[in-house]
Amino acid sequence: MSSKANYSQGLLLFRLKNGRQFALGTLKILELVPYKPVTPMIGSDGGVKGVLTIRDKTIAVIDMAEVVGVGPIPEGELSQSFIIVTDCQRKVVGFVVSQIDKIVETNWREIKQPNKKLGTGVFITGTVEVENEFLQLIDVELLLNKVFPPDPRAAMAVVTDLQREQLKPMNILVVDDSLTARRQLTDVLELLHVPFHVTDDGHKALVYMREQAASGHPVNLLVSDIEMPGLDGYELTFEVRNSPELAAAYIILHTSLSSSISVSQAQQVGANQALTKFDAKELVLAMLKGVEFIHH
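Presented here is a report on the structure given in the accompanying data block. Sequence positions are assigned chain by chain, starting from 1 and proceeding in written order. Predicted model: local features are reported for residues with pLDDT of at least 70 only, side-chain atom pairs are reported and counted for 80 or more only, and whole-chain, interface and lining totals are derived from all residues. Here the side-chain values reflect all heavy atoms present in the structure, with hydrogen atoms and water set aside.

## Brief notes about the sheet that holds strand S6 (residues 82-88)
The following threshold applies: Think of it this way: DSSP has to see at least two bridges between two strands before they count as a pair. Helix and strand labels come from DSSP, where a helix needs a run of H or I of at least four residues and a strand needs a run of E of at least two; each type is numbered from the N terminus. Here an angle of 0 to 180 degrees is reported between the N-to-C directions of two axes, which are lines fitted to C-alpha atoms, with helices fitted over the stretch in contact.
Judged by pairing direction, the sheet is mixed, and its 5 strands sit side by side in the order S3-S6-S7-S5-S4 without closing on themselves. Whereas interior strands pair on both sides, the edge strands pair on one side only; in this sheet they are strand S3 (29-34) and strand S4 (48-54). Neighbour-to-neighbour, the strand axes of the sheet open up by a mean angle of 30°, direction not taken into account. As paired elements, strand S5 (residues 57-63) and strand S7 (residues 91-97) share 4 bridges and run parallel to each other.

This is the structure in C-alpha cells:
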C-alpha cells in the first residue's frame, strides 16, 4: 500500500455573471457544452431554467449565479454562456455559467477550509491558491440541496431494536467538509438515537482518533468523505491503517461521485466499504456490517 499524499485534483476555473472566478473539481464534471436553449418547466424552483437533452439524457439546467444569489444571467448573454454537466449525489444536472477559463491541477493538501466568518449559508466548500490568486470552490452538494430540497424521510432508516442497540455502544466518527453532507449523515444517526462524534476535517479526525485510542476508547466505525481539503479520505484511511492503535477501525468511505474509480481507490487504501452518498438505508446497512465485522 502506498500513501495517497500526492493525490492530484483537477479544478475547472469558471466565472459567473459578476465576473468572479470560481473552481469546481473535475471529478464531478461529465462534460462542458456551449449554452443551448432549454425547455421551460412549469412550476420549477428558482434557478432552474428548464430541461435539455444531451446525449439522449434529459437533465435539469440550473443558473448557478441565480442560486448563489447574484441574479440570473441576462437573456441576451446566454448565447455566450456554457453549461457544466455534473454528476453528483446520483443526479446529473447542468449548471449555466458565464465563462469557462481553464482546467488546472492542484492537490487536496493545498485546498483550505473556507473562512468561518463566511457563515454556514455560503456555497463554498474550500479555497485554493492558483497562480497567486485565491479561488473559492463551489459546494455542489449545497447547490443541489437548495434547488432540490431532500425529502425529510430520506434520513430515515428502518432498523430493529436489536440493530439499534448494536450500534449504540460503537464509538462512531463522521467526517465531511460539506455542511450539507454532514447534516445528511448525522441526521440518520440522530433519528436512530445513536451517539456519534462529527468533524469537518481529516486532520481533526486523525487527532480525535488518536486521543480516543489513548484513552482506551478507540473509534470503531469511521465514516468519512473522500473529497476533502487538507487530508482527504484516502489519506485518512492510509494513516489509520498504518497506525497500530487505530488500524482496527471499520472504515466506510463515501463520495458524491458516481464513479467506480473512487470505489476502487477506496478499497486499495484499506477502506472496508465505499458508498456513493447519500442513502440512509445503505449507510446504516454498511455500519451494521461493520458491527458484525468487529464482533467476529
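After that view, the rundown keeps rolling.
## Considerations on helix H8 (residues 280-295)
Quick reminder of the rule: Here a helix's expected span is defined as the number of its residues, less one, multiplied by 1.5 Å. Burial here depends on accessible area, computed with a 1.4 Å probe over protein chains only, as a share of the maximum for the residue type. Under 20% is buried, over 50% is exposed, and the range in between is partly exposed.
Given a rise of 1.5 Å per residue, 16 residues ought to cover 22 Å, and the 23 Å separating the end C-alpha atoms of H8 matches this to within 8%. Three or more residues of H8 are buried, namely Ala280, Leu283, Val284, Ala286, Met287, Leu288, Gly290 and Val291.

## With respect to unusual backbone geometry
Despite not being glycine, aspartate 56 shows a phi value in the positive range, around 65°. Inspection of the secondary structure puts aspartate 56 in the loop between S4 and S5.

## A short note on the pairing of strand S10 (residues 133-138)
Along any regular strand the residues' side chains alternate between the sheet's two faces. Examined bridge by bridge, strand S2 (residues 21-25) and S10 share 2 bridges and lie parallel to one another. Residue pairing for S10: alanine 23 is matched across the bridge by leucine 137. Taking the residues that link successive antiparallel strands as the turn, the strand S9 (residues 124-130)-S10 hairpin has 2 residues, and the phi of glutamate 131 there is positive, at about 50°.

## Points about the nonpolar core
To keep things clear, this is the line we draw: The nonpolar core is taken to be a set of buried Ala, Val, Leu, Ile, Met, Phe, Trp, Tyr and Cys residues, with the residues joined through side-chain atoms within 4.5 Å.
Grouped together as the largest cluster of nonpolar side chains are 24 residues, with contacts concentrated most on Phe14, Met64, Phe95 and Ile138. Mapped by element, the contributors of at least two residues to this core are strand S1 (8-15), S2, helix H1 (64-68), S6, S7 and helix H2 (140-147). It is H2 that contributes the most residues to this core, 5 residues altogether.

## Points about the packing of helix H4 (residues 179-191) against H8
Quick note on the threshold: Orientation categories follow fixed angle ranges, with anything under 35 degrees roughly parallel, anything over 145 roughly antiparallel, 65 to 115 roughly perpendicular, and all other angles oblique. Whether a crossing is left-handed or right-handed is set by the direction in which the near helix is turned from the far one by less than a right angle, anticlockwise for left-handed and clockwise for right-handed. Whether two residues are in contact is decided by their heavy atoms, any of which lying within 4.5 Å being enough.
With their axes 10 Å apart at the nearest point, H4 and H8 run at an angle of 65° to one another. Judged on the interaxial angle alone, H8 and H4 are roughly perpendicular. Regarding H4 and H8, the two cross each other, and that crossing is right-handed. In this structure, H4 uses Leu185, Val188 and Leu189 to contact H8, whose residues at the interface are Ala280, Leu283, Val284 and Met287.

These figures capture arrangement, not role.
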